[in-house]
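So the chains spell out like this:
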Amino acid sequence: MNTEIYKYLFLIIYYWKSDVAMASYLQWMSQVLKEAISLGGLPEELHDLIFKPERVISVKIPVKMDNGKVAVFEGYRVQHNSVLGPYKGGIRYHPDVTLDTDMALALGMTLKNSLANIPYGGGKGAVKVDPTKLSSRELEELSRGYVRALYKFIGPEVDIPAPDVNTNPQIMAWMVDEYSKLSGRNVPAVFTGKPPELWGNPARIYSTGFGVAILAKAAADAFMGGIEGKKVAVHGFGNVGSYAAYWLSKLGAKVIAISNIYGSVYDPNGIDVELAISKPEVIKDVRTYPKGQKSNDTDVPLFVDADILVPASLENVITPEKVERVKAKLIVEGANGPTVPEAEKLLYSRKGFHAVIPDILANSGGVVMSYLEWVQNLYWFNWSEEEAREKLRIIMMDNFKRVMEAWKRLSDKNADKLVTMRDASFALSVERIYKAMKLRGQI
Ligand code: NAD
């Protein structure tokens, strides 16, 4: 009896706490947006115009399960802002997603796409599901069901989804197939992140991680005398984290710690990322990596003696409670929203701390490559993997340069207060949205 009570108490506290954490991500995005608008000297009403989503779609997705019963899943698509172009952003499958998280992520996409100078607005989708509990057939049914539920609201010039946490090229292939069947013609440009064999580009799978590595190198060149031999720790060894680690090691850095949902590996002599990434069992559970010190603690990479930390799992990972133990002098955000603003302020107050390269800049490689894939699809044309990767590198470096210049300009202008690289990125992004709104007569 007592055990039952404790179990329910635990669940109540767990759900209450996770709700608070999710809501706060949306709240702090709002706060940073306000600051960016004020930094740029732009009208106050811009906050609500940008913050509030244009449209929120909530759908039910019934799926006939392998046991013969019908399960009903909850899905969302937040079409956040379309002033710069079609809505664009990933679809997340996760048991903890809420509409609040989805809205925060969609706002992040609006800002990211604006900052990257690509012709997209922002959006984000989600399904509340633990995909590890589904068979492949159930996963396919769910993915097709999501497309059927949203068919009328998406399209190559309307809303172009892509992969995010727990979704992948195979899922995009099912989705584009379902959309094409409903349309009665092939429509490759409605989803990006597709397999190379089905209108995708081979560089898309690693593009977010590649972009993270390119920016980590650019920042290490600017602040730390180069990337060669710098110690890197990666929290979250999924799509973004594993490829960021791979490209960083290719660029000469030493990856000393990685983690995923099950635990972590630490090796001060360096992890062989090429080996790690080649083994599906390591991607599934990093503790199966054959060398190094293993632990069930997923937060080990946050606290090791690294020069550069790449948080690449989920939001709200670097909190004020944890930040005291973070040793890295440079943080490059592979994930969306991993650093809570109060923690970020504490980091900047430290002597010798260089910067948090914010998500909307650091992890934009995925959406920039998605843009290239979309352009390919609209013209039924292909760039080679190398051409696409080089285009991505040039765009990422150009965006880094623009943010660095804006950061310096805004810091000089506001010498009495802390201006973070995130503030500068948000300010640049908001300025472009504001100009477009003005030209379109919306403000
Ligand atoms: P993924 O599902 O491939 O990887 C997520 C990884 O994080 C997994 O290895 C998982 O085990 C790990 N993880 C989850 N909880 C953890 C915890 N508490 N401690 C340690 N590890 C944990 O997802 P992804 O596509 O790599 O996305 C990761 C982040 O990057 C998300 O915030 C996503 O929104 C963002 N992002 C992804 C892309 C993309 O192209 N996939 C683009 C931009 C941003």
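Residues numbered from 1 in each chain as written. Predicted model: local features only at pLDDT ≥ 70, side-chain atom pairs only at ≥ 80, totals over all residues. Heavy atoms only, no water.

## Looking at the sheet that holds strand β2 (residues 70-81)
Here is step 1 of the chain: Spatially, β1-β2-β4-β3-β5 is the arrangement adopted by the five strands of the open sheet, whose pairing is mixed. Among the strands making up the open sheet, the edge pair consists of β1 (55-64) and β5 (159-163). On average, adjacent strands in this sheet sit at an angle of 20° to one another, irrespective of strand direction.
Here is step 2 of the chain: In the sheet, β2 pairs with strand β4 (residues 122-128) via seven bridges, with the strands oriented antiparallel. Paired with V78 across the bridge in β4 is K124.
Here is step 3 of the chain: The strands touched by helix α3 (residues 99-115) within the sheet are β1, β2, β3 (87-93) and β4, with β4 carrying the most contacts at an inclination of about 150°. (Pairing = 2+ DSSP bridges. Helix = DSSP H or I, 4+ residues; strand = E, 2+ residues; numbered from the N terminus. Axes fitted to C-alpha atoms, helices over the stretch in contact; angles between N-to-C directions. Contact = heavy atoms within 4.5 Å.)

## Structural notes on the packing of aromatic side chains
Here is step 1 of the chain: Inspection of the entire model under this criterion finds 15 aromatic pairs.
Here is step 2 of the chain: For the pair Y25 and W28, a centre-to-centre distance of 5.3 Å together with 50° between the ring planes defines the contact as tilted. Of this pair, Y25 and W28 are both found in helix α1 (residues 2-39), three residues apart, which corresponds to roughly one turn of the helix.
Here is step 3 of the chain: Where Y206 meets Y243, the ring centres are 6.1 Å apart and the plane angle is 55°; that geometry is what we call tilted. Taken together, the residues Y206 in helix α6 (residues 204-223) and Y243 in helix α7 (residues 239-250) connect sequence positions 37 residues apart.
Here is step 4 of the chain: The class of Y206 is buried, set by a relative accessible area of 7%.
Here is step 5 of the chain: Given the relative accessible area of 24%, Y243 is considered partly exposed.
Here is step 6 of the chain: Site record: aromatic cluster; members linked through ring pairs are Y206, F210, Y243, Y246 and W247. (Phe/Tyr/Trp six-rings, centres within 6.5 Å; stacked < 30°, edge-to-face > 60°. Buried < 20%, exposed > 50% of the residue type's maximum accessible area, 1.4 Å probe, protein only.)

## Overview of empty space enclosed by the protein
Here is step 1 of the chain: Going through the model one piece at a time under the given rule, you end up with one cavity of 30 Å³ or more.
Here is step 2 of the chain: Space inside the largest cavity adds up to approximately 50 Å³.
Here is step 3 of the chain: Lining the largest cavity are Y25, M29, A104, L105, G108, M109, K112, N336, D359 and I360.
Here is step 4 of the chain: Elements represented by at least two residues in the lining of the largest cavity include exactly α1, α3 and α13 (359-362). (1 Å grid on protein atoms, 1.4 Å probe; cavity = no way out; pocket = protein on both sides within 12 Å on 5 of 7 lines; lining within 4 Å. Points joined across faces, edges and corners; volume = space filled by probe spheres on them.)

## Some thoughts on the sheet that holds strand β6 (residues 231-235)
Here is step 1 of the chain: The strand order β9-β8-β7-β6-β10-β11-β12 describes an open sheet built from seven strands, whose pairing is mixed. Of all strands in the sheet, those bounded by a partner on one side alone are β9 (293-295) and β12 (355-357). Looking at each pair of strands side by side, their axes are set apart by 15° on average, direction ignored.
Here is step 2 of the chain: Where β6 meets strand β10 (residues 308-311), four bridges bridge the pair, whose relative direction is parallel.

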